[in-house]
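# Chain and residue survey
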Amino acid sequence: MLGTAESPLRVAIVGAGPSGFYAAGHLLKNKHHPDLVAEVDLFDKLPTPYGLVRAGVAPDHPKIKSVTRVYEKSAADPRFRFYGGVELGRDISREELLDRYHAVIYTVGAQTDRRLWIDGEDLLGSFPATTFVAWYNGHPDASDLQFDLSAKRAVVIGNGNVAIDVARMLLLTREELAATDTAEHAIDGIAGGGVEEVVICGRRGPVQSAFTNPEILELGEMEGVDVVVDPADLELDEHSLAALDQAGEATARKNVDILRGYAERPLTGAPKRIVLRFFVSPVAIEGDGKVERVVLERNELVAEGGQLKAKPTGERETLDAGLVFRAVGYKGVELEGVPFEERSGLIRNEAGRVTDDSGNHLAGEYTAGWIKRGPSGVIGTNKKCAHDTVDELLHDLTTSHLAQPSDPDPASVDALLRERVPGLVDWDGWHAIDAVETAAGEPQGRPRVKLVTYDALHEAAAGAGTTA
Ligand SMILES: Cc1cc2nc3c(=O)[nH]c(=O)nc-3n(C[C@H](O)[C@H](O)[C@H](O)COP(=O)(O)OP(=O)(O)OC[C@H]3O[C@@H](n4cnc5c(N)ncnc54)[C@H](O)[C@@H]3O)c2cc1C
Ligand SMILES: NC(=O)c1ccc[n+]([C@@H]2O[C@H](COP(=O)([O-])OP(=O)(O)OC[C@H]3O[C@@H](n4cnc5c(N)ncnc54)[C@H](OP(=O)(O)O)[C@@H]3O)[C@@H](O)[C@H]2O)c1
């Protein structure tokens, strides 16, 4: 019977971010299925695990990254294998996985950015937050990028926590950055830059912002930074006031309180400022070959289809700025051969079961995390999401609705990958990378100094003798 010591359930998980690890953990140790015997191979296109915990979470938030200890525990299971440097679609195909595993779970996250679709969006100096975040976090695909941060004023579009991360990172001092695992090139780029003011623009109001309380509170605690909020933006319309009264809106209520505090607080004359603007949308980014100005249009809120939407009023202003970062959300990318909904940027699925155009479940294919439900939610949100998907998978195990691999021998996929993928990194290889990075950080009192190129990562992994 499948799922026993004689015939283990073999699962490939593609993407070693939080959702991939939570899925692995639920398969390897499941209190509802104590007798289940599953073998998990976790693939990532990078030589390193942990997805956005390594390449997204802001470097000045090191505590959040300690969540990886939970993932380490799953990885220590003898029935777990990590294959870093293996990209689905480049190094191995969907068909090859389905030929070797009873189930495949796609947990590839959201790999690109949403666009604004306005004039000037691609001018030099206008960037998606996705690439800036990857750059300061030392993602090897972003380490060659150049960010000229010499402008005095930067505009960040979006009212989510990524917008706040970007604003905060732009204003940290060299000393503050030097205590973190910010990539070396980004410490030099940010500290050597000239940004003194970051204007964060939300298209709707304070009540509708997607900030969470600790993040917005932290802005007011930054050394040498004044936070500016126009009290007029806090004169709430009737719909926003009604929304605030609802149960479940505690975050919004607290956000408004914090913002009122900022609006009332006298400016200290600090050298740097974060300005929180509301009810404005960028309609054009202008400049002669590079960003020089942003044209903003004032919005009003209108109730439409049970939501409060931003409606342009026609009133415009021009804001001088040399940098624009759009932090309006991440977006999923299609995996070759895997059903995908272009509009939502999600793998087509029903409760985690991958479905074809007609809604039929494709046997053995599942998804979890941002690529299943969209690019929102904190790390912990992916735990329930991944567990739900694995529960569906285990239900399908009982009804025998899984893939029927012709070559399920664990040694066979290992041999295939070792032959095919130069620089394949296994879990010992990752530990070798980790050891090099943390050793380099230790004398400087930093959590780690990240290796930011594929060559450096592979060289460090080879120290464990585990790269192909
Ligand atoms: C800038 C930023 C900061 C954040 N900060 C916080 C925070 O402070 N606290 C918090 O709780 N949440 C934070 N979040 C949210 C959190 O990071 C996400 O909820 C979580 O990472 C999503 O997990 P995931 O596994 O779905 O995707 P990801 O973490 O993106 O992992 C996906 C993995 O799949 C791999 N992959 C992609 N394509 C392929 C392929 N074809 N083949 C093989 N592998 C592939 C990627 O390399 C990656 O490792 C932040 C998000 C962002 C964007
Ligand atoms: N410290 C942390 O815990 C932390 C840090 C970073 C990220 N995260 C989490 O990661 C997830 C993703 O964060 P995120 O900031 O990328 O996404 P988000 O929370 O969804 O915020 C996106 C913001 O962009 C705005 N937006 C979208 N399209 C726009 C447009 N065309 N013009 C102007 N504004 C537009 C949205 O406004 P509307 O609401 O009007 O659509 C919203 O304010 C979130 O769940 C977040 O909490 C957590």
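Conventions adopted
- Residues numbered from 1 in each chain as written.
- Chains lettered and ligands numbered in written order.
- Predicted model: local features only at pLDDT ≥ 70, side-chain atom pairs only at ≥ 80, totals over all residues.
- Heavy atoms only, no water.
- Pairing = 2+ DSSP bridges.
- Helix = DSSP H or I, 4+ residues; strand = E, 2+ residues; numbered from the N terminus.
- Contact = heavy atoms within 4.5 Å.
- Axes fitted to C-alpha atoms, helices over the stretch in contact; angles between N-to-C directions.
- Core = buried A, V, L, I, M, F, W, Y, C linked by side-chain atoms within 4.5 Å.
- Buried < 20%, exposed > 50% of the residue type's maximum accessible area, 1.4 Å probe, protein only.
- Domains from an automatic or database assignment.
- Buried area = accessible area lost by both parts, 1.4 Å probe.
- Salt bridge = Lys/Arg side-chain N within 4 Å of Asp/Glu carboxyl O.
- Polar contact = N/O pair within 3.5 Å; in protein donor to acceptor, adjacent residues only side chain to side chain.
- Nonpolar A, V, L, I, M, F, W, Y, C, P; charged D, E, K, R; others polar.
- Near = heavy atom within 4 Å.

## Examining the sheet that holds strand β18 (residues 349-350)
Strands sit in the order β3-β2-β1-β4-β20-β19-β18 across an open sheet of 7 strands; the sheet is mixed. Bordering the open sheet on either side are β3 (80-84) and β18, each of which pairs with just one other strand. Relative to strand β19 (residues 353-355), β18 is paired through 2 bridges, and the arrangement is antiparallel. Residue pairing for β19: N349 is matched across the bridge by V354. Sheet strands touched by helix α1 (residues 18-28): β1 (9-14), β2 (38-44), β3 and β4 (103-106). Its angle to β2, the strand with the most contacts, is close to 170 degrees.

## Quick word on the nonpolar core
In this structure, F132, L276 and F325 are the most contacted members of the largest nonpolar core, which totals 59 residues. Ranked by residues supplied to this core, first place goes to helix α6 (residues 161-171) with 7 residues. Excluding anything up to four places from it in sequence, L276 contacts I200, F211, L219, V227, V228, V229, D233, L259 and Y262. Counting residues in hydrophobic clusters, the runner-up holds 42 residues, among them I13, A24, V57 and Y366.

## A word on the domain arrangement of the chain
Assigned domains within the chain: domain 1 (9-111 + 332-421) and domain 2 (114-330). Here domain 1 meets domain 2 over a buried area of about 1300 Å², counting both sides, of which 55% is carbon and sulfur. Residues R168 and D60 are paired through a salt bridge, measuring 2.8 Å at the closest nitrogen-oxygen approach. Where domain 1 touches domain 2, the interface holds 7 residue pairs in polar contact (both at pLDDT 80 or more). It is helix α2 (residues 51-55) that contributes the most residues to the side of domain 1 that touches domain 2, 3 residues altogether. When its residues are assigned to classes, the side of domain 1 that touches domain 2 shows 9 nonpolar, 3 polar and 4 charged.

## Some details on the sheet that holds strand β6 (residues 126-128)
Read from one edge to the other, the open sheet built from 6 strands follows the order β6-β14-β7-β8-β10-β9, with strand pairing classed as parallel. Each edge of the sheet is formed by a strand with only one pairing partner; in this case those strands are β6 and β9 (225-229). Averaged over all pairs of adjacent strands, the angle between strand axes in this sheet comes to 20 degrees, irrespective of strand direction. Helix α5 (residues 129-136) rests against β6 and β14 (323-326) of the sheet, and its axis sits at about 80 degrees to β6. Strands in contact with α6 are β7 (153-157), β8 (197-201), β9, β10 (272-277) and β14; relative to β8, the strand with the most contacts, it is inclined by about 175 degrees.

## Quick word on the site of ligand 1
If you check the shell around ligand 1, you find 32 residues, and the closest are S19, D44, L52, G377 and I379. The contact in question runs from an oxygen atom of ligand 1 to an N or O atom on the side chain of S19, over 2.6 Å. D44 is positioned such that a nitrogen or oxygen atom in its side chain is 2.6 Å from an oxygen atom of ligand 1. Mapped by element, the contributors of at least two residues to the shell around ligand 1 are α1, α2 and α6. Split by domain, the residues of the shell around ligand 1 number at least three in each of domain 1 (9-111 + 332-421) and domain 2 (114-330).

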